[in-house]
Amino acid sequence: EAFDPRGIGPVAGSDTNLDRMFRLVRQWAVEPQGWLVLMGERGCGKTHLAAALAHFRRGQGDEVLFVIVPELLDHMRSTFGPQSNVTYDRVFERTKNVHVLVLDDFGENSAAPWAAEKLYQLINHRYNAKLPTVITSFLTLEEIEEKVDKRIASRIADAGFSRLLN
C-alpha cells in the first residue's frame with residue numbers, strides 16, 4: 001500500500017512504467033505461479049515491491065522466505081564453521097523448498113565458483129519443481145550470464161513470468 005507507482009528517488013518523473021509493474025506484481029502476488037523477475041536500475045522499487053509481495057503471501061498463509069542473495073551465501077558458508085548451530089543441509093533445503101522464495105539483489109554476490117554453483121543448484125531445483133520464485137536484480141540477463149553463470153541466466157530466461165522494471 002505504501003508503494004508510489006509514480007516513482008521516487010532516481011526514477012521519479014522518468015519514463016518508467018512503475019504503475020504497470022505495480023499492477024503486475026499485485027496480480028502475481030494474488031496467484032503466485034511461475035517466476036517473477038524484476039530487473040532495473042538501483043532505486044526503482046524492485047525490493048519494495050518484492051518485500052510487499054512476500055508480506056502479502058505470508059498473510060495468505062504461505063511459507064515465504066525473503067533473502068538478500070549475498071547474505072544467503074554468507075549464511076550458507078558460515079554453517080561450515082565449528083561454531084554453527086545450524087547445518088548447511090538444513091539451510092539449503094529450506095531455501096530450495098520453501099513455497100515462495102524471494103531472492104533480492106541477485107548478482108550482488110561475489111563471482112566465486114562456489115557461490116555460482118550453489119546459486120545454480122538453488123535456481124535449477126526451483127525451476128524443475130516449478131516453485132514460485134521472485135528475483136530482483138539490477139543486472140540484465142546478459143550481465144547475469146557474464147558475471148554469475150550462463151546456466152542461471154538460461155533458467156531465469158526460461159522461467160516464464162518475468163518482467164523488467166527499468
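Residues numbered from 1 in each chain as written. Predicted model: local features only at pLDDT ≥ 70, side-chain atom pairs only at ≥ 80, totals over all residues. Heavy atoms only, no water.

(A) Molecular detail of the overall build of the chain. Looking only at helices and strands, one finds seven helices and five strands in the chain. Each helix and strand of the chain, placed in order from N terminus to C terminus, yields the pattern α-β-α-β-α-α-β-α-β-α-α-β. Across the chain, every contact between residues at least 6 apart in sequence was considered, and the portion connecting residues at least 24 apart equals 77%. (Helix = DSSP H or I, 4+ residues; strand = E, 2+ residues; numbered from the N terminus. Contact = heavy atoms within 4.5 Å.)

(B) Up close: the confidence of the model for the chain. Put simply, the chain has an average pLDDT of 83, and 85% of its residues get 70 or more. Low pLDDT, under 50, characterises residues 162–166; the stretch is placed with 25 contacts to residues that sit more than four places away or in other chains. (pLDDT = per-residue confidence, 0-100.)

(C) Up close: the pairing of strand β3 (residues 100–104). Burial within β3 is extensive, with five of its five residues counted as buried. Burial of the side chains of β3 extends over both faces: Val100, Val102 and Asp104 are buried on one face and Leu101 and Leu103 on the other. Here strand β2 (residues 64–68) pairs with β3 via five bridges, running parallel. Note that in β3 the partner of Phe66 across the bridge is Val102. Across three bridges, the pairing between β3 and strand β4 (residues 133–137) is parallel. In the sheet register, Leu103 faces β4, and the bridge partner there is Ile135. (Buried < 20%, exposed > 50% of the residue type's maximum accessible area, 1.4 Å probe, protein only. Pairing = 2+ DSSP bridges.)

(D) Examining a negative patch on the surface more closely. There is a patch of like negative charges on the surface, built from Glu142, Glu143, Glu145 and Glu146. Relative to the helices and strands, Glu146 resides in helix α6 (residues 141–147). (Patch = residues over 30% accessible without salt bridge, like charges linked within 9 Å, V, L, I, M, F, W, Y side chains within 5 Å. Areas by Shrake-Rupley, 256 points an atom, 1.4 Å probe, with all protein chains shown as cover. Salt bridge = Lys/Arg side-chain N within 4 Å of Asp/Glu carboxyl O. Lys, Arg positive; Asp, Glu negative; His and termini not counted. Charge placed at Lys NZ, Arg CZ, Asp CG, Glu CD.)

(E) Expanded view of the packing of aromatic side chains. Per the stated rule, a full pass over the model turns up two aromatic pairs. Residues Trp35 and Tyr127 carry aromatic rings whose centres are separated by 6.4 Å and whose planes lie at 90° to one another, so their mutual orientation is edge-to-face. Taken as a pair, Trp35 in strand β1 (residues 35–39) and Tyr127 in helix α5 (residues 113–129) lie far apart in primary sequence, 92 residues in all. Taking the relative accessible area as the measure of exposure, Trp35 reaches 3% and is therefore buried. (Phe/Tyr/Trp six-rings, centres within 6.5 Å; stacked < 30°, edge-to-face > 60°.)

(F) The side chain of Asp149, seen in detail. When you line up the elements, Asp149 lands in the loop between α6 and α7 (150–158). For Asp149, a relative accessible area of 13% translates into the label buried. Among the polar contacts listed, one links the side chain of Asp149 to the backbone nitrogen of Arg151, at a separation of 2.7 Å. (Polar contact = N/O pair within 3.5 Å; in protein donor to acceptor, adjacent residues only side chain to side chain.)

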